[in-house]
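Residues per chain are reported as follows:
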Amino acid sequence: MDLTQAAQSGLSLGFHSSPIPLQLLDQKQETRIDNEENQTEDEQFSILGHQMCIKRPRDNSSQSSASSSSTNSSKRVAMDPGLESRRAMVRAWGNHPLPIADPEIHEIMEKEKQRQFKGIELIASENFVCRAVMEALGSHLTNKYSEGLPGSRYYTGNQNIDQIELICWSRALAAFGLDSDKWGVNVQPYSCTSANFAVYTGLLLPGDRIMGLDSPSGGHLSHGYYTPGGKRVSASSIFFESLPYKVNPQTGYIDYDKMEEKAMDFRPKILICGGSSYPREWDYARFRQVADRIGAVLMCDMAHISGLVAAKECVSPFEYCDIVTSTTHKSLRGPRGGIIFYRKGPKLRKQGMLSHGDGSSHYDFEEKINFAVHPSLQGGPHNNHIAALAIALKQVATTEYKAYMQQVRKNAQALASALLRRKCRLVTGGTDNHLVLWDLTTWGLAGKCYEKVCEMCQITLNKSAIFGDNGAICPGGVRIGEL
Ligand SMILES: Cc1ncc(COP(=O)(O)O)c(C=O)c1O
């Protein structure tokens, strides 16, 4: 807080039996100004038994706050000749544009901009946000602390931040056609890894079991992963026990029968669908059946395909899942971050959808998940990101976004056809979504060499494990995305 401003505003507070003004400037200096001007009037009142007063400039002295503040400042200059110049320096520094404030970082940022514009970006998890999203990201919203949720924040001054987060909630639900009586959303996770971990933290105890697609089969580390040597890689496998299901090595499709068999033996408390490099649709109904058989919560991490889901360009997980998480920066085309949708209200009791069995008739995810995000795992939300996400979610509802997602799929299919015509081997033989997984092992190539050669040609794509290869050490393929 700039204390001098408060002094210049002519307001001061006193906490005393005979109220005295709170001294906002150097004692002697303030007294002199007061004595010289002696133009204030007191408004007295009491809070919690403490006498307080507000000192206001008299009308004649407040005709022009600009002129009164310039009088005050000229007096201070007279008292401390260095003060005004120090202040001017701080103000100037605060207003410097980036190239002046930090030429070194600015120059690197410009190079990165050129790299993004000139190269061909084919990393399936990256996208380009629109100008409005960037403006919100680089805005004053980054200045505000707002731990908590709309309507119940730790700090005051959050009336505008509350509005932004509420709009973000309603746009997030609208983007996926969700009824606010049946679904809630948390838009605060800093990333999807944190969103997933918040779900586990809220719903599980340390050591409880989770089951997701194996990383070399196209799953994500945050669904639990151990290296072939047994090293626990992500926090999800450090704090929880995980056993993965896998794809069929011949077809590249998820082996649902084996998944069911493993789930019946391992009995995870959370069964996870969704992955990082799986080019096909997910059979959510089958996952639901298995989850119901073992009394597990069914969670989908739709990080890669959330944009396709919103545009109805792929099957939606919401009909079958209890919890759905996503990144916000891949196909959704928003700022970097994570989002968690959770069911609320009465539990589904349809045949074959008995939902997880804690005996109660209502879902209890809301409080547990919100508490896990904050205060268990995170501090203040990144309000600039939440505003940017709200902007992206508004765009998701447009026909232009739908057209964009349709084109993304067409591009992926065109790429797949072109590669197949050239006798390249694609995992599952093609794609239903925005990415293709190219198995280079038949050509005796390693993913990391191919990736490097492409980088030298200004094409960025990434090496990717192909089931059955020694994924962690030498991935045998590349993933190519079309966002
Ligand atoms: C399926 C899936 N979940 C989670 C993540 C992690 O997202 P973040 O980088 O936001 O933590 C990714 C990232 O690629 C992903 O593909």
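Everything numeric in this text was worked out from a predicted model, so none of it was measured.

Peer 1: Go over the overall build of the protein, please, and point to the residues and values.
Peer 2: Looking only at helices and strands, one finds 17 helices and 18 strands in the protein. Here the protein holds 483 residues, and the buried ones make up 39% of them. The contacts in the protein between residues at least 6 apart in sequence include a share of 66% that link residues at least 24 apart.

Peer 1: A description of the nonpolar core should follow, citing residues and the corresponding values.
Peer 2: Counting 99 residues, the largest nonpolar core has I270, L271, I323 and I340 as the members making the most contacts within it. With nine residues, helix α15 (residues 383-396) is the largest single contributor of residues to this core. Two domains each donate at least three residues to this core, and these are domain 2 (133-396) and domain 3 (404-481).

Peer 1: Give me the site of the ligand: which residues, what numbers.
Peer 2: Close to the ligand lie 14 residues, the nearest being S191, C192, T193, S276 and A303. Across the shell around the ligand, the residue classes break down as two nonpolar, 11 polar and one charged.

Peer 1: Any chance you could break down unusual backbone geometry for me, citing the residues and the numbers?
Peer 2: One can expect most non-glycine residues to show negative phi and most peptide bonds to be in trans. A cis amide bond links H374 to the next residue, P375, at an omega of 15 degrees. Mapping P375 onto the fold places it in helix α14 (residues 365-377). Within the chain, K312 stands out as a residue other than glycine whose phi angle is a positive 55 degrees. Following the sequence through the fold, K312 ends up in the loop between α13 (306-310) and β12 (323-327). Phi angles above zero are rare outside glycine, and K423 is one such case at about 65 degrees. You can see K423 is positioned in the loop between α16 (399-421) and β14 (425-426). Using a count of 8 C-beta atoms within 10 Å as the deciding quantity, one classes K423 as exposed.

Peer 1: Help me get a handle on the environment of G275, residues and values and all.
Peer 2: Along the polypeptide, G275 turns up in the loop between β10 (270-273) and α12 (284-294). A sequence separation of 27 residues divides G275 from M302, and the C-alpha atoms of the two residues are 7.2 Å apart. Once you skip the residues sitting within four places of it in the chain, G275 turns out to touch L213, G218, G219 and H220.

Peer 1: So what about the sheet that holds strand β17 (residues 462-464)? Which residues, and what values?
Peer 2: Pairing is antiparallel in the open sheet, where four strands are placed in the order β14-β15-β18-β17. In the strand order of this sheet, the two ends are held by β14 and β17, each with one partner. As paired elements, strand β15 (residues 435-439) and strand β18 (residues 477-481) share five bridges and run antiparallel to each other. Each residue of the ladder has a partner; that of D439, found in β18, is G477. Sheet strands in contact with α16 are β14, β15 and β18, and its direction is about 20 degrees off that of β15. Helix α17 (residues 447-456) rests against β17 and β18 of the sheet, and its axis sits at about 170 degrees to β17.

Peer 1: How would you summarise the pairing of β15 if you had to cite specific residues and measurements?
Peer 2: Most of β15 sits out of view: five of its five residues are buried. Neither face of β15 is open: one carries L435, L437 and D439, the other V436 and W438, and all of them are buried. When β14 meets β15, the two strands line up antiparallel, connected through two bridges. Following the sheet pairing, L426 is matched in β15 by W438.

Peer 1: Can you tell me about the packing of helix α11 (residues 256-266) against α12, naming the residues and giving the values?
Peer 2: At their nearest, the axes of α11 and α12 sit 10 Å apart, and the two run at 15 degrees to each other. Looking at the two axes, α11 sits roughly parallel to α12. Like other packed secondary-structure pairs, α11 and α12 cross with a definite hand, here right-handed. Each of Y256, M259, E260, A263 and M264 in α11 lies in contact with α12, whose residues at this interface are R286, V290, R293 and I294. Along the lines of polarity and charge, the residues of the contact of α11 with α12 split into six nonpolar, no polar and three charged.

Peer 1: Which residues make up the UniProt feature "modified residue: N6-(pyridoxal phosphate)lysine" (unreviewed entry) in the protein, and what values do they have?
Peer 2: As recorded in UniProt, the feature "modified residue: N6-(pyridoxal phosphate)lysine" (unreviewed entry) lies at K330. Relative to the assigned elements, K330 resides in the loop between β12 and β13 (338-343). When the 26 C-beta atoms within 10 Å are taken as the criterion, K330 is described as buried. Every residue in contact with K330, bar those within four places of it in the chain, is listed here: S125, N127, A303, H304 and L483.

Peer 1: Which residues make up the sheet that holds strand β8 (residues 209-211), and what values do they have?
Peer 2: With respect to topology, seven strands assemble into an open sheet ordered β7-β13-β12-β11-β10-β8-β9, the strand pairing being mixed. The open sheet has two edge strands with one neighbour each: β7 (183-186) and β9 (241-242). Here four bridges tie β7 to β13, and the two strands are oriented antiparallel to one another. Its bridge partner being in β13, G184 is matched across the sheet by Y342. The strands touched by α14 within the sheet are β7, β12 and β13, with β13 carrying the most contacts at an inclination of about 160 degrees.

Peer 1: Pulling in residues and values, what's your account of the pairing of strand β11 (residues 297-301)?
Peer 2: Along β11, five of the five residues are buried, which leaves the element largely enclosed by surrounding structure. Burial along β11 is two-sided: the residues V297, M299 and D301 and L298 and C300 are all buried. Where β10 lies against β11, four bridges are found, and the strand directions are parallel. What sits directly across from I270, in β11, is V297. Once the chain exits β10 it traverses α12 before rejoining the sheet at β11, and the crossover so formed is right-handed. As defined by bridge partners, β11 adjoins β12 across three bridges and the pair is classed as parallel. Residue pairing for β12: M299 is matched across the bridge by I323.

Parameters and conventions
- Residues numbered from 1 in each chain as written.
- Predicted model: local features only at pLDDT ≥ 70, side-chain atom pairs only at ≥ 80, totals over all residues.
- Helix = DSSP H or I, 4+ residues; strand = E, 2+ residues; numbered from the N terminus.
- Buried ≥ 20, exposed ≤ 12 C-beta atoms within 10 Å, placed from the backbone.
- Contact = placed C-beta atoms within 7 Å.
- Core = buried A, V, L, I, M, F, W, Y, C linked by C-beta atoms within 7 Å.
- Domains from an automatic or database assignment.
- Near = placed C-beta within 6 Å.
- Nonpolar A, V, L, I, M, F, W, Y, C, P; charged D, E, K, R; others polar.
- Pairing = 2+ DSSP bridges.
- Axes fitted to C-alpha atoms, helices over the stretch in contact; angles between N-to-C directions.
- Parallel < 35°, antiparallel > 145°, perpendicular 65-115°, else oblique.
- Left-handed = near helix turned anticlockwise from the far one by under 90°.
- UniProt positions renumbered as here; feature names shortened; annotations may be inferred.
- Right-handed = clockwise from strand over helix to strand, strands pointing away.

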